[in-house]
Amino acid sequence: QVQLVESGGGLVQAGGSLRLSCAASGRTFSSDGMGWFRQAPGKEREFVAAISWSGGSTYYTDSVKGRFTISRDNAKNTVYLQMNSLKPEDTAVYYCAAGGAVTRRPDYWGQGTQVTVSS
């Protein structure tokens, strides 16, 4: 059974930082893209960032470029999202995603971790 388990969410003041982690189990994703999405209250889930299987290519939605960094450790089957200069509008549930067309229709999803940025 494939599982993606996120951790690292929490409450932070505007301008602060958080690092999300997503540990995969049940299969290896070393040949697959991995990524992050988020869903704010009352809004649709949106793409945030993705990384290719090798880590050589990364993709970001415009609103987080220059503030968020996605990375991965294939030996640990884990993907990370370093979030700096956080803004209240970054408040959302953040979901890890893996496999498939990871920027649009991933094969697997995590259960989500709450990130709340206070002003």
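See the structure printed just above.
A brief look at the structure comes next. (Residues numbered from 1 in each chain as written. Predicted model: local features only at pLDDT ≥ 70, side-chain atom pairs only at ≥ 80, totals over all residues. Heavy atoms only, no water.)

Thoughts on the pattern of salt bridges
Evaluated as defined, the whole model comprises five salt bridges. Arg27 is the salt-bridge partner of Asp32, the closest N and O atoms lying 2.5 Å from each other. Accessibility expressed as a relative area gives 19% for Asp32, which makes it buried. In this structure Arg27 comes out as partly exposed when scored by relative accessible area, which is 30%. (Salt bridge = Lys/Arg side-chain N within 4 Å of Asp/Glu carboxyl O. Buried < 20%, exposed > 50% of the residue type's maximum accessible area, 1.4 Å probe, protein only.)

Remarks on the pairing of strand 11 (residues 113–118)
Side-chain alternation along strand 11 places Thr113, Val115 and Val117 on a buried face and Gln114, Thr116 and Ser118 on a face that remains uncovered. Pairing analysis gives four bridges linking strand 2 (residues 10–13) to strand 11, with the strands arranged parallel. If you follow Gln13 over to strand 11, its bridge partner there is Ser118. As judged from the three bridges shared by strand 9 (residues 92–98) and strand 11, these two strands associate in the antiparallel manner. By the bridge assignment, Tyr94 is partnered in strand 11 with Thr113. (Helix = DSSP H or I, 4+ residues; strand = E, 2+ residues; numbered from the N terminus. Pairing = 2+ DSSP bridges.)

So far we have only geometry, and geometry alone does not tell us how the molecule works.
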